[in-house]
Amino acid sequence: MLRQQDVGHRIVVRRIVGIREGRPLFSDALGELVELSETHLTIATAQGRVQVPVAEVHRAKRVPPTRRPTASAVVELELAADEAWPAPVRGRLGDWLLRSADGWTGRANSALPVGDPDRPLPAAVDAIERWYAGHGQPAMVNTPLPLAVPVGAELDARGWTARPLTLVQTVPLTTLLTPEPLPGPGGASPGPGPAPQDADRAGDGPPVALDVVPSEEWLAVAAGRKGGLPDSARHILTAVARVRFAQVYADGRLLATGRGTVTGQGRWLGLSLIEVTPSARRQGLAARVVRALAAWGAAEGATHAFLQVEQRNTGAVALYRKLGFTTHHTYLTRVAPPT
């Protein structure tokens with residue numbers, strides 16, 4: 001049976017649709033799992049969204065995506081993401097990137113093995129271990145999958161552990177900027193999609209301000225989420241040529257924040273640190289922040305948005321799925337064993 005970890009992935013569901021001559025009749029649905037609750041699941045199929053009561057599910061499982069991104073597409077997006085989250089201390093092994101930022105976030109403190117390291121794989125991993133030891137921190141490697149499967153196999157042989165799987169998700173900006181339909185007569189929704197409180201309607205709720213420099217309150221939210229804010233963190237957040245910091249205030253209180261960057265030769269809008277205070281959640285503020293940053297990114301010439309979210313963060317995965325994001329590829333952050 002399916003679990004919350006399957007939300008955002010391609011699945012096939014066989015459901016019972018009736019009984020004939022004492023035998024069940026089945027129908028199959030194939031598509032992306034949008035929502036999974038105790039009572040029903042929602043699938044985005046090629047024909048539209050389908051809601052299936054759990055009581056009717058005979059069998060359901062995850063299936064491989066229709067196609068995997070090319071290696072060049074994964075490299076392009078990983079390099080755009082690196083631009084959007086620039087570690088202050090950097091090195092290289094051929095094409096591979098070495099990054100350090102006082103331990104602030106795994107992305108900025110891990111090697112990125114894309115391209116050719118200019119040496120055999122075991123020697124490349126040896127060099128990574130030496131480089132991070134020289135910087136007084138544990139060696140870590142981000143392994144984009146399936147591109148870095150050979151690297152992962154080498155790390156497995158050395159006893160490296162893995163942090164939870166991260167989804168790298170993308171969406172065309174045209175999808176993000178398409179308004180959600182308003183409820184139909186009598187308050188009924190015209191079809192599956194975000195609940196009314198999640199809709200991002202013009203004039204519905206406080207405005208989203210986009211600033212070139214983060215406010216101290218914005219930085220305090222980031223510090224609370226990431227466990228502090230060293231100088232290297234401020235570098236990561238601000239050392240991008242095209243960046244905006246989103247803030248939503250109401251009655252003098254900061255309710256929601258977000259960060260957007262345009263990198264990858266101007267193609268990619270990177271979204272990060274989308275945060276809503278607990279008392280203001282389920283009011284559509286996260287969607288409003290995302291769409292405001294999307295409008296800015298589109299004005300800057302970007303065509304697609306990306307974000308990185310842990311697969312186990314089912315609430316965020318569900319929100320992004322409703323906004324149209326799908327998983328482009330995944331990565332594991334691998335950590336060297338203690339020496």
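Anything mentioned here points back to the structure above.
How each quantity is defined
Residues numbered from 1 in each chain as written. Predicted model: local features only at pLDDT ≥ 70, side-chain atom pairs only at ≥ 80, totals over all residues. Heavy atoms only, no water. Helix = DSSP H or I, 4+ residues; strand = E, 2+ residues; numbered from the N terminus. Rg over C-alpha atoms; globule rule 2.2 N^0.38 Å. Buried < 20%, exposed > 50% of the residue type's maximum accessible area, 1.4 Å probe, protein only. Contact = heavy atoms within 4.5 Å. Areas by Shrake-Rupley, 256 points an atom, 1.4 Å probe, with all protein chains shown as cover. Arc of directions from axis to C-beta. Core = buried A, V, L, I, M, F, W, Y, C linked by side-chain atoms within 4.5 Å. Polar contact = N/O pair within 3.5 Å; in protein donor to acceptor, adjacent residues only side chain to side chain. Axes fitted to C-alpha atoms, helices over the stretch in contact; angles between N-to-C directions. Parallel < 35°, antiparallel > 145°, perpendicular 65-115°, else oblique. Left-handed = near helix turned anticlockwise from the far one by under 90°. 1 Å grid on protein atoms, 1.4 Å probe; cavity = no way out; pocket = protein on both sides within 12 Å on 5 of 7 lines; lining within 4 Å. Points joined across faces, edges and corners; volume = space filled by probe spheres on them. Nonpolar A, V, L, I, M, F, W, Y, C, P; charged D, E, K, R; others polar.

Turning to the overall build of the protein, a few remarks are in order. Counting secondary structure elements, the protein contains eight helices and 16 strands. Here the protein has a C-alpha radius of gyration of 22 Å; the compact-globule value for 339 residues is 20 Å, and the two agree. Considering the protein as a whole, with its 339 residues, one finds that 46% of them fall into the buried category. Relative to all contacts within the protein whose residues are 6 or more apart in sequence, the contacts with residues 24 or more apart total 66%. Accessible area for the protein stands at about 16,200 Å²; split by element, carbon and sulfur atoms hold 52% of it.

Turning to helix α6 (residues 231-238), a few remarks are in order. Buried within α6 we find Ser 232, Ala 233, Ile 236 and Leu 237. When α6 is viewed along its axis, its buried side chains cluster within an angular range of 135° and face the same direction. The inward-facing, buried residues of α6 contact α1 (71-84), α5 (216-226), β12 (243-250), β13 (253-263) and β14 (268-276).

What follows covers the nonpolar core. Within the largest apolar cluster, 43 residues are counted, with the highest numbers of intra-cluster contacts made by Leu 41, Leu 176, Leu 269, Leu 271, Ala 305, Tyr 320 and Phe 325. The element that contributes the greatest number of residues to this core is helix α7 (residues 285-299), accounting for eight residues.

It is worth spelling out the environment of Asn 142 at this point. With respect to the helices and strands, Asn 142 occurs in strand β8 (residues 140-145). Taking C-alpha positions, Asn 142 is 9.4 Å from Gly 152, a pair spaced 10 residues apart along the chain. Contacts of Asn 142, omitting those with residues within four sequence positions, involve Arg 99, Arg 107, Ser 110, Ala 111, Leu 112, Pro 113, Tyr 331, Leu 332 and Thr 333. Of the polar contacts made by the side chain of Asn 142, one reaches the side chain of Thr 333; its length is 2.7 Å.

This part is about the packing of helix α2 (residues 121-134) against helix α3 (residues 149-157). Look at α2 against α3: their axes get within 10 Å of each other, and the N-to-C directions meet at 70°. On the basis of their axis angle, the class for α2 and α3 is roughly perpendicular. Here α2 and α3 pass one another in a crossing that is right-handed. In this structure, α2 uses Leu 121, Pro 122 and Val 125 to contact α3, whose residues at the interface are Pro 150, Val 151, Glu 154 and Leu 155.

Our next topic: the layout of surface pockets. Approximately 1,300 Å³ is the volume attributed to the largest pocket. Going through the elements one at a time, α1, α5, β13, β14, α7, β15 (304-310), α8 (314-322) and β16 (326-335) are the ones with two or more residues in the lining of the largest pocket. The biggest single contributor to the lining of the largest pocket is β14, with seven residues. Split into classes, the residues belonging to the lining of the largest pocket amount to 23 nonpolar, 13 polar and 12 charged.

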